[in-house]
Amino acid sequence: MSDPTGIGDSPEIAEIRSAVRQLCGRYGEDYWLALDRDRGYPTEFVRELTEAGFLTVLIPEAYGGAGLGVREAAVVMEEVCRSGAHAGACHAQMYVMGSVLRHGSEAQKKQYLPAIAAGELRLQSFGVTEPTTGTDTTSLKTVARRDGDVYRISGQKVWISRIEHSDLMVLLARTTPRDQVKKKTEGLSAFIVDVQAALGNGLTVRPIESMINHHSCELFFDDLEVPRENLLGEEGQGFKVILDGMNAERILIAAECVGDGLYFIDKASAYATGREVFGRPIGQNQGVQFPIARCYAEVQAAGLMVEKAARLFDAGVPCGAEANMAKMLASEASWHAGDVCMQTHGGFAFAKEYHIERKFRETRLYQIAPISTNLILSYIGEHVLKMPRSF
Ligand SMILES: Cc1cc2nc3c(=O)[nH]c(=O)nc-3n(C[C@H](O)[C@H](O)[C@H](O)COP(=O)(O)OP(=O)(O)OC[C@H]3O[C@@H](n4cnc5c(N)ncnc54)[C@H](O)[C@@H]3O)c2cc1C
């Protein structure tokens, strides 16, 4: 299949696309199938992706990274997903870094970024969601209390992914009670937590058994001490710190969905061409062929929105609406493509060795996390179309 998402590629982007494709090609789908079955972590894959510089493309050259933009990072994630890999194991390093890049002090950047770029430190974990408050982030209950040169953190988080495979976590906690701030987005602070030092010293991690191999955990904080110098950005302004990473996150997740969608379409069109029933390829029947063609059009359209959002982001122009729309359109397109791919494969879609059911489960996440479709629609309704705020 030709790859129209690559048509507008600059020579540099085409080179990245081809190099990522080659690297991913060394990790066949059976590698991902075994990890999914054993709930394993793709340590070698993540190491190779990091050593090749792909997970650190956003780190400026001055700190040892490639100094590229979200557009390039999106191509990396698209290709990872299109290869059949599960990007959930590694993608956070890309966007969590956005918060450190934009809000970290010079001392923090010097301390962490070169080591992350060199693969010596892993920044794969982002601690925001809580069990009792969910999407209503500003109501979160984890508190960080200032005590001399440290903050003492107590509370609980849920669904925090990759913490067991990360050295650092960016954590959001409340430093001023909600009833003592003018706006509910104030009084929250972001911290860089040294995960290895925290484990057993105020941080307890409990893995969650879940539908996909995402390494997500519950976290319990019991008077965890975090040095004052680990505050990321200003005290009380943590919501902004987190938000700045979120547009990049949405664009990158959307790019993953485009990759997933193309993966499903590759599989479905190949199977429809090769599988013969009633004496002819099933893809000769329009009832089989047209849904695949429609998915292709949907994924390509979503890909254009991803590209637009990435270009705006890289130009430093506000891109909240585009990042949200890209994420919504791409996650719906990949899910639709997954469903059509399942249908095209008939009963074999259920056999794990065909890999489709694994990708089908994995791509379903993105209509829920990192932000659900309803919340995106409410953003568009309120901020773009200026309709009344719904919550
Ligand atoms: C596998 C996995 C990995 C994750 N990894 C991380 C991570 O690394 N770090 C992290 O911080 N979080 C993580 N999350 C959490 C994820 O971001 C949240 O699950 C997501 O934001 C939705 O929050 P919730 O589950 O609490 O849903 P809720 O907030 O309880 O919402 C449930 C449903 O109700 C809808 N809803 C809620 N309020 C409204 C409203 N006002 N109007 C209309 N609809 C509404 C939502 O759209 C949603 O469909 C992960 C989740 C999963 C499943």
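All figures in this text were calculated on a predicted structure; none of them were measured in a lab.

Observations concerning the overall build of the protein chain
Part 1 of the argument: Along the backbone of the protein chain there are 12 helices and 10 strands.
Part 2 of the argument: Compactness check: the protein chain gives a C-alpha radius of gyration of 21 Å against a globular reference of 21 Å for 391 residues, within 12% of the reference.
Part 3 of the argument: For the protein chain, the spread of C-alpha atoms along the three principal axes comes to 80 × 50 × 40 Å.
Part 4 of the argument: Looking at the protein chain as a whole, 46% of its 391 residues are labelled buried.
Part 5 of the argument: Considering only residue pairs separated by 6 or more positions, the protein chain has 73% of its internal contacts joining residues 24 or more positions apart.

Points about unusual backbone geometry
Part 1 of the argument: Here the bond from A369 into P370 is cis, since omega is -5°, no more than 30 degrees from zero.
Part 2 of the argument: With respect to the helices and strands, P370 occurs in the loop between α11 (356-364) and α12 (373-384).
Part 3 of the argument: Unusually for a residue other than glycine, H215 sits at a positive phi of about 55°.
Part 4 of the argument: Its location among the elements puts H215 in the loop between β6 (203-207) and β7 (216-227).
Part 5 of the argument: By C-beta crowding, H215 is classed as buried, having 22 other C-beta atoms within 10 Å.
Part 6 of the argument: In this structure, D223 is a non-glycine residue whose phi angle is positive, near 60°.
Part 7 of the argument: Residue placement: D223 occurs in strand β7.

What to know about the site of the ligand
Part 1 of the argument: Near the ligand there are 23 residues, and of these V128, G134, T135, W159 and S372 occur at the shortest range.
Part 2 of the argument: Secondary structure elements with two or more residues in the shell around the ligand: β1 (123-127), β3 (150-161) and α12.
Part 3 of the argument: In the shell around the ligand, the residues fall into 11 nonpolar, 12 polar and no charged.
Part 4 of the argument: Each of domain 2 (123-237) and domain 3 (240-384) gives at least three residues to the shell around the ligand.

What to know about the domain arrangement of the protein chain
Many authors give the size of an interface as the accessible area that is lost as the parts come together.
Part 1 of the argument: Under the domain assignment used here, the protein chain contains domain 1 (4-117), domain 2 (123-237) and domain 3 (240-384).
Part 2 of the argument: Contact residues are listed per partner, giving 29 residues for domain 1 and 27 residues for domain 3.
Part 3 of the argument: Considering every element that reaches the side of domain 1 that touches domain 3, the biggest residue donor is helix α4 (residues 70-82), with 10 residues.
Part 4 of the argument: Broken down by class, the residue content of the side of domain 1 that touches domain 3 amounts to 13 nonpolar, 9 polar and 7 charged.

Focus: the nonpolar core
Part 1 of the argument: In this structure, F191, I251, L252, V306 and A326 are the most contacted members of the largest nonpolar core, which totals 115 residues.
Part 2 of the argument: With 19 residues, helix α8 (residues 238-274) is the largest single contributor of residues to this core.
Part 3 of the argument: Each residue touching F191, except ones within four places of it in the same chain, is listed here: A144, Y151, L171, A173, V226, N230, L231 and L232.

What counts, and at which threshold
- Residues numbered from 1 in each chain as written.
- Predicted model: local features only at pLDDT ≥ 70, side-chain atom pairs only at ≥ 80, totals over all residues.
- Helix = DSSP H or I, 4+ residues; strand = E, 2+ residues; numbered from the N terminus.
- Rg over C-alpha atoms; globule rule 2.2 N^0.38 Å.
- Buried ≥ 20, exposed ≤ 12 C-beta atoms within 10 Å, placed from the backbone.
- Contact = placed C-beta atoms within 7 Å.
- Near = placed C-beta within 6 Å.
- Nonpolar A, V, L, I, M, F, W, Y, C, P; charged D, E, K, R; others polar.
- Domains from an automatic or database assignment.
- Core = buried A, V, L, I, M, F, W, Y, C linked by C-beta atoms within 7 Å.

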